[in-house]
Amino acid sequence: MSGPSLNGDTRIGVYVCHCGTNIAGPIDVEAVTEYAAGLPGVVVARAYKYMCSDPGQELITHDILEEGLDRVVVASCSPSLHEETFRRAVAKGGVNPYLFQMVNIREHGSWVHDDVEMATAKAKDLVRAGVARVRFHRPLEPRRVPVDGSAMVVGGGIAGIHAALTLANAGKHVYLVEREPTIGGHMAQFDKTFPTLDCAACILTPKMTQVRNHPNITLWTMAEVVEVDGFVGAYRVKVRHEPRFIIEDACVGCLECIDVCVFRNGKTPDEFNLGLSKRKPIYIPFPQAVPQVVVIDPEACIEFRAGCRKKTCVEVCADRNAIDFQQVATFDEVEVGTIVLATGFKTFDAGRIPYYGYGRYDNVYTALEVERLVNAAGPTTGEVVLRDGRTPQSVGIIHCVGSRDENTNTHCSRVCCMYSLKLAHLMKEKTGAEVYNFYIDMRTPGKGMEEFYNRVGSEGVHFIRGKVGDVYPEAGDTGRLVLQAEDTLLGRIRKIPVDMVVLATGIEPQSDAEDVRRLFNITCSAGGFFMERHPKLAPVSTFTDGVFLAGTCQGPRDIPDTVAQAGAAAAEALALIDAGSILLEPNTAFVSAEDCSGCKTCIGMCPYQAIAHIDGKAVINEVLCKGCGTCVAACPSGAIHQNLFDDDEIFEEILGVLIHA
Amino acid sequence: MTDKPKVAFYWCASCGGCEEAVVDLAEELLGVAAAVDIVFWPVALDFKRADVEAMEDGEILATFVNGAIRTTEQEEMVHLLRKKSKVLVAFGACAQLGGIPGLANLWDREAIFERAYLTSPTTENPAGTVPLTDYAANGHRIQLPGFYDTVMSLDQVTQVDYAVPGCAPTPNLIAAAVGALLSGDLPPLGTVLAPDVALCSECDRRDTKPEDLHITAFKRPHEIIADDETCLLAQGLLCLGPATRAGCGAQCIGANMPCTGCFGPTSRVHDQGAKAASAIASLVGADDPAEIERILDGIPDPIGTFYRYGLPHSLMVRRRQDTVETTA
Amino acid sequence: MPETTTDTSSNGFEPRIVAFFCNWCTYLAADLAGTSRMKYAPNARVIRVMCSGRVDPQFVLEALANGADGVLIGGCHPGDCHYQEGNYKALRRFKLLQRMVADLGVEEERLRLEWISAAEADRVRVVMDEMTDQLRRLGPFRHEEAVMAIAAQQPQEVPV
């Protein structure tokens, strides 16, 4: 398919951006511009310091009006950054915005090459290809698709809770999906929060209750998303509900069933307390759990193994009839316009660093375990008692466990320094123990953080700058463990015996982050956290339109940042819903009916069932087409075209990068 | 001489099938013969090169050239005929695309001579005689045309106005082409005189082709007894109908044999073999690399399959000559 | 004869690579390599397509036929395609195309299919450098010259 004005009368304007010295350093921008001026069809070629600035854009608009340009090429950064910007400038000049081609000479040019001659030659090739290609562009209109007014939030930690409440408060219906029996996430397990030392439960549980009571929120716990279909504005999401063996609506949360369970004492490690206590087969994760509904663990409950003769739980539940041993997994399918992912993190498995002795020495704890130990609602009702029954006189906190370490994770987990300070403070407060922090660098940016560091220091907590290389039992059966580290400030080896070792384990992506990523068709960054669309300018968006990120699934962060980000994700989702519709790139494929032989090769190519065989011809449904172009490449007779990526355009681009015009 | 329009036929590297195709016009041939003066047709009439040379430039209305270009003589003749003709038509797959002789581009002259005159099992040539362009014997010099390393399609040596596709072209297309020429109602230069749509459009079996075809094993025609009503691709036979220009009436498929692509691609395709391969590979029913390889093993000669008629006219033209192995 | 910009007059042969990168993974990885200021060989010219499934084997041959010394296709990892399975179509076509070009005497190293996710900027660097290096050692593809030679081909010499 030929463009409309290929007969030598195209009037192309080429604009080469200096991007300050970002491009103009390694690339001879003037030479590229001069070269572009000589290309066929080019009537104007200009270089400008910042094409994306207002004056830069006005150059384009001005030239369209003054020089009668009908096509525009801008050689600057990646199209993922400013393609929209320049399209708008082109449209402002009165030319269809798709008669524009962006040439990436920064990310793919000046930033990755040092050799000025080679980088300049490459830039010329790319500009030439852009000019060759743009001649074939056709005027297009973006597609407008309606956006469903409801949203889904996946993950019910503080990020998901805040995002869901923000959306719900704005009047949008929200499906909040959480796979655990309760919402609350990691924050519910924390004792106090740094640096203000307010009680985590006190600030979290009211929000949890709000979620439960909010008329605009459908809360699904013990539920997981299993299928995502559709596209921005109209995602069809299939959710699997695991059996709780309790009829949620019938349970009033009296907890009598737990008391009367035939298990007098729990035998199952309590997940919420990280195994520091035991729970019964019928239980509630923690007192303020939302929903206030018990759950039966079929692995532990004898009804599921041998059959329970007494069924005391059923008896006590009586006519409430909330217990249902026959429950099986069920499914729900809902349509939502947008999705916020707030699937959180997992803590680093301390056992992966054997020389810290976690799992080998009783008195080595992870920080999260200590959160439960110091918590008044925890397994020891807040008393710090070691596994051997003693109260620690001395505590060593090892920082950066599974962070900033080439053998485990190279990233900084951002929260460990601060929560280590908090735990140091709490331990000192509760036990009066000597507390030693072994750190690499103290990282305390943010409001009130450095002040808190100073405060903890003034409380007599010791700070040793050095990485602990070994943890071993002190000689003489004292029950103490020796922490050995090089104190890099003193320049000597320190061996400090302590009663208790706390490992400041880092933040890692959830173990099934890969699966979740695939489910929602998004990308992971190098460390395995979900990747944002742009680290600075689109930090809560993803490359999949309508899917947003909140909280630690995107990267390590503390609670204030998580809440702020969740609010931002909700705002993006709201903007989408309130716009009512979204414009999509018109890069769809279409069949030239007169050229189609009806061979059906294309039909099976489409993962979206967008192609139908009607009256001996293939017909592509533009609404369903997502523009991958797979059918175009497969069409054996060249009867399928793709807007913006048609054969002619790509062939021209190929010739363009290779051959002087 | 009459003032009827003059027409010439010439053959280059070809099998003679295209000549047969002209004769296959049957009674219509008589009509054609009555309407035109055939001024040159080496296979049937005793005109010589000198007769052509004696004509005015452009005196011939149309020359139909079949066969690919592989010798110096063929190239000279087509240049001569081009000069003498108003319209030059590439007639048949060899002239249009290089044809079956074009598969020789997988080798070169040296390798071909070695094989044909020295090493093939049926050759007895103890003296090791191979063709020469110039030979002296008994006081006479004999000169033969030179043999090129690379077979070319007609449009690679001279300007071609139209092409009639096929191995061989079917009578309906020939009649239509002649009719158009005589009436003067000609399409734009460069047009292939056949429908610009793929063969499935005129195949009786199209409706039997599934919409989500996944091929897990390619079969060759001798390996199965194909059902004679079902799409051959659906039966695992590598039918190139989806990638081949229509116009033949799906005759091969009518004989329960898969299309091998002799009508060439549609005008929108740059490279017949690559496009056909793209479509066929897309239908391979596997995602695992090893499994894909296993299925593709069912296409033992991909070049001979996808470029059977079009290697010279393809983007790659030939096997890189420096990689041709000469010792058999 | 068309002139090319990268065939520099320097002594060393600088191969020309045409790369087709999918919009969602490999193109973004190349962007990330840029924002991370990684340095790699400037020999490839990247053509953006929405999906590796858009890459028609014709594109590859068009590039080789017009002066490319190698062609690189970059897509999302298996199972990660933004369009679910376009990369599998790319893989199938690539496997068949590999067999075809091998029969045409094209060295294996000239065609490369790589799965590079948006996060794998360093992989872009490694692949670009590796392929450039391999092609440097392999030498120019010289398809254009071969075709020009065909047009001007001579019949066999007369033996004396």
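In this report, we go over the structure that sits alongside the text. Predicted model only: the values in this text are computed from it and were never measured.

Re the sheet that holds strand β3 (residues 60-66) of chain B
Residues and elements named next belong to chain B. Sheet architecture is open: five strands sit in the order β2-β1-β3-β5-β9, paired in parallel fashion. The sheet terminates laterally at β2 (37-40) and β9 (162-164), the two strands that pair on one side only. Direction aside, the axes of adjacent strands within the sheet are offset by 30 degrees on average. Alignment of β3 against strand β5 (residues 85-91), held across five bridges, turns out to be parallel. The partner of Ile 60 across the bridge, within β5, is Ser 85. Contacting β1 (6-11), β2, β3 and β5, helix α4 (residues 72-84) crosses the sheet at an angle of about 140 degrees to β5. Contacting β3, β5 and β9, helix α7 (residues 171-183) runs over the sheet at an angle of about 160 degrees to β3.

Thoughts on the interface of chain A and chain C
Listed by partner, the interface residues are 55 residues for chain A and 57 residues for chain C. Our enumeration of links across chain A and chain C arrives at six salt bridges. Between chain A and chain C we count 19 residue pairs in polar contact (both at pLDDT 80 or more) in total. Counting residues per element, the ones that place at least two in the side of chain A that touches chain C are α3 (79-92), α4 (106-110), α5 (116-134), α13 (513-519), α15 (630-634) and α16 (647-658) of chain A. With eight residues, α16 of chain A is the largest single contributor of residues to the side of chain A that touches chain C. By residue class, the composition of the side of chain A that touches chain C is 25 nonpolar, 17 polar and 13 charged.

Some details on the packing of helix α10 (residues 367-374) of chain A against helix α11 (residues 416-431) of chain A
Residues and elements named next belong to chain A. Interhelical geometry of α10 versus α11 gives an angle of 35 degrees and a closest axis separation of 11 Å. Every pair of crossing elements has a handedness; the one defined by α10 and α11 is left-handed. For the pair α10 and α11, contact is made by Ala 367, Val 370, Glu 371 and Val 374 and by Tyr 419, Lys 422, Leu 423, Leu 426, Met 427 and Lys 430, respectively. Of the residues contributing to the contact of α10 with α11, the split by class is seven nonpolar, no polar and three charged.

Some words on the side chain of Arg 92 of chain C
Note that Arg 92 of chain C resides in helix α3 (residues 86-103). Take Arg 92 of chain C: its relative accessible area is 7%, and that puts it in the buried class. Among the polar contacts made by the side chain of Arg 92 of chain C, one reaches the main-chain carbonyl oxygen of Val 284 of chain B at a distance of 3.0 Å. If near-sequence neighbours (up to four positions away) are discounted, Arg 92 of chain C is found in contact with Ala 281, Ser 282, Val 284, Ala 286, Asp 287, Ile 292 and Leu 296 of chain B.

Thoughts on the nonpolar core
The biggest cluster of nonpolar side chains holds 174 residues, and the ones touching the most others in it are Ile 60 of chain A together with Phe 306 of chain B. A total of seven residues in this core trace back to one element, the largest contributor, which is α5 of chain A. Setting aside anything within four residues of it in sequence, one finds Phe 306 of chain B in contact with Leu 238, Leu 240, Gln 272, Gly 273, Ala 276, Ala 277, Ile 280 and Ile 299 of chain B together with Leu 96 and Met 100 of chain C. The next biggest cluster of nonpolar side chains, apart from the first, holds 86 residues, and it includes Met 152, Ile 183, Cys 257 and Phe 325 of chain A.

Digging into a negative patch on the surface
Residue and element names in this part refer to chain A. Judged by side-chain charge, Glu 227, Asp 229, Asp 332 and Glu 333 come together as a negatively charged surface patch. Within the residue set of the negative patch, elements represented by two or more residues are β11 (223-231) and β17 (330-336). Tracing the chain through its elements places Glu 227 in strand β11. Take Glu 227: its relative accessible area is 42%, and that puts it in the partly exposed class.

Observations concerning the state of the cysteines
Taken as a whole, this structure holds two disulfides over all chains when the rule is applied. Across the disulfide, Cys 199 of chain A is cross-linked to Cys 202 of chain A (sulfur-sulfur distance 2.3 Å). Every disulfide takes its handedness from the sign of the S-S torsion; for Cys 199 of chain A and Cys 202 of chain A that torsion is 90 degrees, giving right-handed. Across the disulfide from Cys 25 of chain C sits Cys 76 of chain C; the S-S distance is 2.4 Å. Classification of the bridge connecting Cys 25 of chain C and Cys 76 of chain C rests on its S-S torsion, roughly 105 degrees, and on that basis the disulfide is right-handed. Highlighted residues: Cys 25 of chain C in the loop between β1 (17-22) and α1 (26-35) and Cys 76 of chain C in the loop between β3 (70-75) and α3, separated in sequence by 51 residues. Grouping residues by exposure puts Cys 25 of chain C and Cys 76 of chain C together as buried. Just so you know, Cys 254 of chain A is unpaired, no disulfide at all, and the nearest cysteine sulfur is the one on Cys 257 of chain A, 5.8 Å from it.

A look at the packing of aromatic side chains
Following the criterion strictly, the structure yields 18 aromatic pairs over all chains and no others. Ring geometry for Phe 9 of chain B against Phe 64 of chain B: centres 5.4 Å apart, planes inclined by 20 degrees, an arrangement best described as stacked. Pair noted here: Phe 9 of chain B is in strand β1 and Phe 64 of chain B is in strand β3, with a separation of 55 residues, a long-range link. Taking relative accessible area as the criterion, Phe 64 of chain B reaches 4% and is therefore assigned buried. In textbook terms, an aromatic cluster arises when at least three aromatic residues are bridged by ring pairs, as seen for Phe 9, Trp 41, Phe 64 and Phe 91 of chain B. For Lys 422 of chain A, the ring lying beneath its charged end belongs to Phe 190 of chain A, and the centroid distance is 5.5 Å. The ring centre of Tyr 27 of chain C lies 5.9 Å from the NZ or CZ of Arg 48 of chain C, which sits over that ring.

Observations concerning the packing of α16 of chain A against helix α2 (residues 57-65) of chain C
At a closest axis distance of 9 Å, the pairing of α16 of chain A and α2 of chain C adopts a crossing angle of 25 degrees. Taken as axis vectors, α16 of chain A and α2 of chain C run roughly parallel relative to one another. Seen along the crossing, α16 of chain A lies across α2 of chain C with a hand that is right-handed. Residue-level inspection shows Asp 647, Ile 650, Phe 651, Ile 654, Leu 655 and Leu 658 of chain A of α16 of chain A in contact with α2 of chain C, the latter providing Gln 58, Phe 59, Glu 62 and Ala 63 of chain C. Here the contact of α16 of chain A with α2 of chain C is composed, by residue class, of seven nonpolar, one polar and two charged.

A look at the interface of chain C and chain B
Taken residue by residue, the interface counts 34 residues in chain C and 45 residues in chain B. Each partner contributes to the roughly 3700 Å² buried at the junction of chain C and chain B, and carbon and sulfur atoms together form 61% of this total. Remark: the boundary between chain C and chain B carries six salt bridges. Among the salt bridges present, the one from Lys 275 of chain B reaches Asp 56 of chain C, with a minimum N-O distance of 2.9 Å. Breaking the side of chain C that touches chain B down by element, the ones donating at least two residues are α2, α3 and α5 (143-151) of chain C. For the side of chain C that touches chain B, the element with the most residues is α3 of chain C, which contributes 11 residues. For the side of chain C that touches chain B, a count of residues per class yields 18 nonpolar, six polar and 10 charged.

Each value, and the rule that gives it
- Residues numbered from 1 in each chain as written.
- Chains lettered and ligands numbered in written order.
- Predicted model: local features only at pLDDT ≥ 70, side-chain atom pairs only at ≥ 80, totals over all residues.
- Heavy atoms only, no water.
- Pairing = 2+ DSSP bridges.
- Helix = DSSP H or I, 4+ residues; strand = E, 2+ residues; numbered from the N terminus.
- Axes fitted to C-alpha atoms, helices over the stretch in contact; angles between N-to-C directions.
- Contact = heavy atoms within 4.5 Å.
- Salt bridge = Lys/Arg side-chain N within 4 Å of Asp/Glu carboxyl O.
- Polar contact = N/O pair within 3.5 Å; in protein donor to acceptor, adjacent residues only side chain to side chain.
- Nonpolar A, V, L, I, M, F, W, Y, C, P; charged D, E, K, R; others polar.
- Left-handed = near helix turned anticlockwise from the far one by under 90°.
- Buried < 20%, exposed > 50% of the residue type's maximum accessible area, 1.4 Å probe, protein only.
- Core = buried A, V, L, I, M, F, W, Y, C linked by side-chain atoms within 4.5 Å.
- Patch = residues over 30% accessible without salt bridge, like charges linked within 9 Å, V, L, I, M, F, W, Y side chains within 5 Å.
- Areas by Shrake-Rupley, 256 points an atom, 1.4 Å probe, with all protein chains shown as cover.
- Lys, Arg positive; Asp, Glu negative; His and termini not counted.
- Charge placed at Lys NZ, Arg CZ, Asp CG, Glu CD.
- Disulfide = S-S within 2.5 Å.
- Phe/Tyr/Trp six-rings, centres within 6.5 Å; stacked < 30°, edge-to-face > 60°.
- Lys NZ or Arg CZ within 6 Å of the ring centre and 35° of its normal.
- Parallel < 35°, antiparallel > 145°, perpendicular 65-115°, else oblique.
- Buried area = accessible area lost by both parts, 1.4 Å probe.

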